[in-house]
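Architecture and fold: a report
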Amino acid sequence: MHIAPHDNKNIPIVDANDATVPLNYLNIVKLKAGEAFEYQVPGYETCIVPATGTIDVSVEGVEYKAIGNRTLDVWDGEPEGVYVPVGAKVTFVATTDTETFIAGARFDKVLEPFDVRVAQLDKVQYGSDDTKTHRKIKHILGQAHHDKVGRLLVSELFTVGEGGWSGFPAHKHDTDRKDADGNIIETRHDETYNFRFRPNHGSGVQIIQHEEGKPGDAYQLMDRSTILLRSGYHPCVAMPGYEMYYFTILGGLSQRSLVQFFQPTHAYQIETIPGIKDMVAKFK
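So, here is what we can say about the structure in this document.

1. Observations concerning the packing of aromatic side chains
- Here the structure, examined in full by the defined rule, presents 12 aromatic pairs.
- With 6.5 Å between their ring centres and 50° between their planes, Tyr25 and Tyr44 make a pair best called tilted. Taken together, the residues span a long stretch of sequence, with Tyr25 in strand β2 (residues 24–31) and Tyr44 in strand β4 (residues 44–59) at a distance of 19 residues. With respect to class, Tyr25 is no different from Tyr44; both count as buried.
- Ring centres 5.6 Å apart and planes at 45° place the aromatic pair Phe37 and Phe92 in the tilted group. Of this pair, Phe37 sits in strand β3 (residues 36–39) while Phe92 sits in strand β7 (residues 90–94), placing them 55 residues apart in sequence.
- These aromatic residues form a ring-pair network of at least three members: Phe37, Tyr39 and Phe92.
- A cation sits over an aromatic face here: Lys138 above Phe158, 4.7 Å from the ring centre.

Spelled out as structure tokens, the structure:
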């Protein structure tokens, strides 16, 4: 499902119990310096990540100062964030003009809040210019925080260079299932993306294919497009001459670690893309 760019007026784009991706939550909050925003999402753990600007965050009275360091856009510096336990009351105050992502995943236990600073990001770069798959991933809530988070995975993904494919070889993660020996071969994870392009008049395409050998759906991506992924194989591509970024939320149904099932037609290309196995291992 594609949600076109629009001013959401600080109202969730993907609210709790969404019909398409019930395991996810997304809000994008814009504030002027000095303005505050309060929220509470029962049944969902969340993560606050400034796209641009700097905020002070209070989670049930626990203070985290000066979160975020980017000014121009999401390419201007490294991300930072704050993990918010299920149902916690949160207030954040903009110390500069800011646009802030709030990512969430359904969960049923209350953990402890914590902040993620630049030094604690988990980064991976894979692919190549030759295979048109060169990509950089910055995990905000990634493998390093596995024991501190319930089901939520939060990352920023960048195409490296201008143009190229992401999410390839095509894969899906819409069903919890095991093979005959009891090994997990796929997990149910709802996924939500919010895209940005540089220059911002850039564009791309999101493919969602539900059946092998049959045409799927394709959506034109614009700056600030949102994609909701409940099922299907879902590669995307940026037009030549443009850099693409997407803020990524993953929420698991039964576990946090993501197990992707690669589309059989294209799975052999795992062996042709440098570093892709390391990338897969990081979504845990």
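And the narrative resumes.
2. Some thoughts on the pattern of salt bridges
- Enumeration according to the criterion identifies 16 salt bridges in this entry.
- A salt bridge links Asp7 to Lys9, with the shortest nitrogen-to-oxygen separation between them at 3.8 Å. A single burial state applies to Asp7 and to Lys9, both of which are exposed.
- Two residues, Glu99 and Arg196, come together in a salt bridge whose shortest N-O distance is 3.1 Å. Of this pair, Glu99 sits in strand β8 (residues 98–106) while Arg196 is found in strand β17 (residues 189–198), placing the two residues 97 residues apart along the sequence.
- The exposure class assigned to Arg196 is buried, which follows from its relative accessible area of 6%.
- A network of salt bridges, in which partner residues are shared, links Glu99, Arg196, Asp223 and Arg224.

3. With respect to the nonpolar core
- Counting residues in hydrophobic clusters, the biggest one holds 28 residues, and the most contacted among them are Phe101, Ile140, Leu141, Leu152, Val154 and Phe247.
- For this core, the secondary-structure elements that each account for two or more residues are β2, β4, β8, β9 (114–116), β11 (135–141), β12 (152–159) and β22 (243–252).
- In contact with Ile140, other than residues within four places in its own chain, are Cys47, Val49, Pro79, Gly81, Val116, Leu121, His145, Val154, Ser155, Glu156 and Phe247.

4. Some points on the sheet that holds strand β21 (residues 236–238)
- Ordered by their spatial adjacency, four strands build an open sheet running β13-β21-β18-β19, and the pairing between neighbours is antiparallel. Either end of the sheet is taken by a strand with one partner, and the two such strands are β13 (164–166) and β19 (217–221). For this sheet the average axis-to-axis angle between neighbouring strands, irrespective of direction, equals 20°.
- Summarising the sheet, β13 and β21 pair through three bridges and their orientation is antiparallel. Note on β21: the bridge partner recorded for Trp165 is Val237.

5. Details of the side chain of Gln206
- Tracing the backbone shows Gln206 in strand β18 (residues 204–208).
- Here the side chain of Gln206 touches His234 through a polar contact of 3.1 Å, landing on its backbone oxygen.
- Among residues more than four places away in sequence, those in contact with Gln206 are Tyr193, Phe195, Asp217, Ala218, Tyr219, Leu221, Ile227, His234, Pro235 and Cys236.

6. Quick word on empty space enclosed by the protein
- Evaluated as defined, the whole model comprises two cavities of 30 Å³ or more.
- The space that makes up the second largest cavity amounts to roughly 30 Å³.
- Split into classes, the residues belonging to the lining of the second largest cavity amount to one nonpolar, five polar and three charged.

Definitions and limits used
Residues numbered from 1 in each chain as written. Predicted model: local features only at pLDDT ≥ 70, side-chain atom pairs only at ≥ 80, totals over all residues. Heavy atoms only, no water. Phe/Tyr/Trp six-rings, centres within 6.5 Å; stacked < 30°, edge-to-face > 60°. Helix = DSSP H or I, 4+ residues; strand = E, 2+ residues; numbered from the N terminus. Buried < 20%, exposed > 50% of the residue type's maximum accessible area, 1.4 Å probe, protein only. Lys NZ or Arg CZ within 6 Å of the ring centre and 35° of its normal. Salt bridge = Lys/Arg side-chain N within 4 Å of Asp/Glu carboxyl O. Core = buried A, V, L, I, M, F, W, Y, C linked by side-chain atoms within 4.5 Å. Contact = heavy atoms within 4.5 Å. Pairing = 2+ DSSP bridges. Axes fitted to C-alpha atoms, helices over the stretch in contact; angles between N-to-C directions. Polar contact = N/O pair within 3.5 Å; in protein donor to acceptor, adjacent residues only side chain to side chain. 1 Å grid on protein atoms, 1.4 Å probe; cavity = no way out; pocket = protein on both sides within 12 Å on 5 of 7 lines; lining within 4 Å. Points joined across faces, edges and corners; volume = space filled by probe spheres on them. Nonpolar A, V, L, I, M, F, W, Y, C, P; charged D, E, K, R; others polar.

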